[in-house]
Each structure stands twice: as C-alpha cells, then as structure tokens.
Amino acid sequence: MRIERVETIPYALRFREPYVTARGRLERREMVLLRVRTAEGVEGLGEAVPLSLRGGATLEEVERALSDAATRLVGLELDTEREPALDLAIATFLELARPKRLPPPAAAALECAIFDLAAKADGKPLWALLGADEARPVRCNATLTAGAPEGVAEQARSWAERGFRTLKLKLGAGDDVEVVRAVRAAVGPEARIRVDANEAWSVRDAERVLAELEPLGIELAEQPVSGLRALAKLSRSSAIPLAADEAVNSVADAHRARQRRACAYVTAKLSKVGGIGAANAIAEVIPTYLSSALDGPVGIAAAAHAAQIIPDAGVDHGLATQRLFAEGVAARECELDGPMLSPPAGPGLGVEIDDEALQRARLA
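Residues numbered from 1 in each chain as written. Predicted model: local features only at pLDDT ≥ 70, side-chain atom pairs only at ≥ 80, totals over all residues. Heavy atoms only, no water.

Peer 1: Help me out: how do you make sense of the packing of helix α6 (residues 176-187) against helix α7 (residues 203-213) in this one?
Peer 2: Packed helix pairs are characterised by how far apart their axes lie and by the angle those axes make with each other. Interhelical geometry of α6 versus α7 gives an angle of 20° and a closest axis separation of 10 Å. The angle between α6 and α7 falls in the class roughly parallel. In terms of crossing hand, the pair formed by α6 and α7 is right-handed. Residues Asp 176, Val 177 and Val 180 of α6 touch α7, and the partners they reach there are Val 209, Glu 212 and Leu 213. Within the contact of α6 with α7, the residues separate by chemical class into four nonpolar, no polar and two charged. (Axes fitted to C-alpha atoms, helices over the stretch in contact; angles between N-to-C directions. Helix = DSSP H or I, 4+ residues; strand = E, 2+ residues; numbered from the N terminus. Parallel < 35°, antiparallel > 145°, perpendicular 65-115°, else oblique. Left-handed = near helix turned anticlockwise from the far one by under 90°. Contact = heavy atoms within 4.5 Å. Nonpolar A, V, L, I, M, F, W, Y, C, P; charged D, E, K, R; others polar.)

Right, here's the structure in full:
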C-alpha cells in the first residue's frame, strides 16, 4: 500500500455535564484526528488528546507536531507481503517519531494510524495484529465528576444501575471524606470505590484523608500526591494501594517507581505515554490498567485493542468515558454494554468516522 494523503483535523466534543476535577472544569474535550489514506483507498485513523491542564503540549503544538510527522508518511510503501505487518508498522512509526521527539499525544495518534493501516493491509483486527488470540470485552470503571456529596452519590447510583461495579471518584475539590461516605451509602458495601485527587494533596493531607477513608473500603488511590518521591513516602504510611498517573509517563518512570516502591499500580493513558507500545512496556514493569484521557472514539478503540495484550492487573480499566459526551463523530465505534467495552468488529481499529458529525465538531 502506498500512502497518498494525510490530514489532521482538530475537533471538540461537548460533555453532557461539565467535567470537574481538582485541576479545573471542562465544558468540552478538544483533540486532533489524524486520517492517513492510501492510493488503494484504505484509511488509517489516529487521535491525539492534548493534556495541557497537566502542563503538556497545547492543541496547536500537538497538531503542528503531528502534521509535520504525518506529512513524512506521504509516498511511503507499506509492503506487508515482504515483511510481517506488525514489524513493518513498528519500524515505520519509530523512524518517524524518534528523530522528532513528538509530544506523547502526537506519538500515540501517529502510532495508531500506522497500526490501523497495517492491520487492514493484513486483513486483521488490530488486536490480532498485536498478538492477541481473541478479543474479550474489557471491564471498565465508572468515572464520576467532582461535586457536592449528594450530587456525586446520585451519579454513583446511576452508574451502578447500569451494572458498573467500580466507581472512580474525583477528589481534592471539596469535602472528600463526606463525598466518599455518601457514595458508599448510596451503592452499598459490594461496590468498589477508587479515588483520584490528581496530585491535589500534600503527603500530610493525603495521610490524613486516606486514613479516614480506609474504613470505607477503598480499592486504590490514584496519584493523591505529586511526584514519585511523595508517592513513595505515602505508600509507606497508607494501607490503601496507590496508583501512579501523572508521575509515570514512560517506561523509565515505571522502573523508577518500582525501584522506590512508590505504587502498586500505574494507570496508562495512551495520549499520556505515547501509544500502545509504550503502555505495554510500562505494564511489563508494574501492574497497569488503561485509562481514558477523555478520548474520542479512535482513542477509546485503540485502548480497547491494547487492553487485549496488556498483562491483566486485576483491576477494571478506566475506558467508559464515551458516556460522558453529549455528541460523537463515529458511525461505528466501541460498543459499551454496561461496564463491558468491546472493540469494534472488522479489520484494523474498526472505527468509521461520520463525516457530517466531524464537520459539525471541527474547530477553526
């Protein structure tokens, strides 16, 4: 297959309700769709979700870097008859990404589009190209937004009624202990509750809050403090397992986290770590579950395929965020049946874009 055209399209999806965390409030999620087309009419899709609230590259910076790297794809031949499709895809991605040191969201989108093309050229779904024997539905947690205790409890009841057994609460923006108490009372003792403070607490505050939360039965606490050193200190004093998010962005970070015994888990967002290959490498070091960066349909599908090969960490993935949006841009995407997320059928990612919906969501 000869790559003939590439296109980067910035777009935004509105949330049903504002997405509120300790880091701020979002009314919509902005991202960049990458479309790569071959002379034979095959399309590869990728998606970059800038994490600028975390200090990462802006939408404009991500789009510029992605466009520059993707343009160098034009004219390349992907000859899967001469070389195994996965090997060819990895080599092509590394050749384009390494010299430019792409921002992780751009790298994730570029890798995804190349993998999508390679899988389609091989006539396989992406999970099969990656080496999985079969595709199993991925069990996901519910992600609740921060708010007053009664409001968060109502969110929890609504998610639980849809079959979700694990609820992720965003803390650090209010009366945290009362929020968790309200949710526990609303969903009963069997539900799993994990908390995420997005680095909002000091070590001392985290020790106090987690000690108060411990009797309420907390599955794990995501990134309650900032940095691996603080996580390691907190892990020595808290009985609640800790998961690193912002503190682990690469396999090198994962090795440092394991050496310091800073966390029991890592949560990997593809746009945070730079794609499927990077997430899998991290999972080989520390038990890892995948989370959404509030991705659109392409990013969620990429993670659903990646979940088929990443070693099972024994906890639910955080990929059920498509329910948070008021609109979409896909004619075909992952199916979410209660908490179970299934990759789309068909070769490659299996995602099909609704061009009219994309045009409505497109950013100037």
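Peer 1: Explanation requested: helix α9 (residues 251-260) in the structure shown.
Peer 2: The α-helix advances 3.6 residues per turn, and as a result positions three or four apart in sequence lie on the same side. Within the span of α9, buried status applies to Asp 253, Ala 254 and Ala 257. An end-on view of α9 places all buried positions within 100° of arc, on one side of the element. Contact partners of the buried residues in α9: α8 (228-235) and α11 (276-283). Arg 261 sits one or two residues past α9 and shows a positive phi near 55°. (Buried < 20%, exposed > 50% of the residue type's maximum accessible area, 1.4 Å probe, protein only. Arc of directions from axis to C-beta.)

Peer 1: I keep staring at the state of the cysteines and nothing clicks. Help me out?
Peer 2: Linking two cysteines covalently through their sulfur atoms gives a disulfide. Evaluated as defined, the whole model comprises zero disulfides. With no disulfide of its own, Cys 112 lies closest to Cys 334 among cysteine sulfurs, the gap being 11 Å. Counting only cysteine sulfurs, Cys 140 is the nearest neighbor of Cys 334, a cysteine outside any disulfide, at a range of 8.9 Å. (Disulfide = S-S within 2.5 Å.)

Peer 1: Help me understand empty space enclosed by the protein, please; the structure alone is not making it clear to me.
Peer 2: The gaps left among the atoms become clear once a water-sized probe is rolled over them. One pass over the structure, following the stated rule, counts one cavity of 30 Å³ or more. If you add up the space inside the largest cavity, you get close to 80 Å³. Lining the largest cavity are 13 residues, and of these Glu 47, Ala 108, Leu 270, Gly 299 and Ala 302 lie nearest its centre. Looking at the lining of the largest cavity, the elements that each hand over two or more residues are α3 (104-122), α10 (270-273) and α12 (297-306). A total of four residues in the lining of the largest cavity trace back to one element, the largest contributor, which is α3. The residue makeup of the lining of the largest cavity, split by class, is seven nonpolar, three polar and three charged. (1 Å grid on protein atoms, 1.4 Å probe; cavity = no way out; pocket = protein on both sides within 12 Å on 5 of 7 lines; lining within 4 Å. Points joined across faces, edges and corners; volume = space filled by probe spheres on them.)

Peer 1: Where do I start with the pairing of strand β10 (residues 265-268) in this structure?
Peer 2: Look at any regular strand and the pattern is simple: side chains alternate between the two faces of the sheet. Neither face of β10 is exposed, since Tyr 265 and Thr 267 on one face and Val 266 and Ala 268 on the opposite face are all buried. Bridging between strand β9 (residues 242-244) and β10 involves two bridges; their strand directions are parallel. Bridged to Ala 244 within β10 is Val 266. In the classification by handedness, the crossover that spans β9, the intervening α9 and the parallel β10 is right-handed. Pairing between β10 and strand β11 (residues 288-290): three bridges, direction parallel. If you follow Val 266 over to β11, its bridge partner there is Thr 288. (Pairing = 2+ DSSP bridges. Right-handed = clockwise from strand over helix to strand, strands pointing away.)

Peer 1: I'm lost on the packing of helix α5 (residues 149-161) against α6 in this one. Help?
Peer 2: It is the contact of α5 with α6, at a shortest axis distance of 8 Å, that shows an interaxial angle of 35°. The chirality of how α5 crosses α6 is right-handed. Contacts between α5 and α6 involve Pro 149, Val 152, Ala 153, Ala 156, Arg 157 and Ala 160 from the former and Glu 178, Val 179, Ala 182, Val 183, Ala 186 and Val 187 from the latter. Residues belonging to the contact of α5 with α6 are distributed by class as follows: 10 nonpolar, no polar and two charged.

These figures come from the coordinates and say nothing about function on their own.
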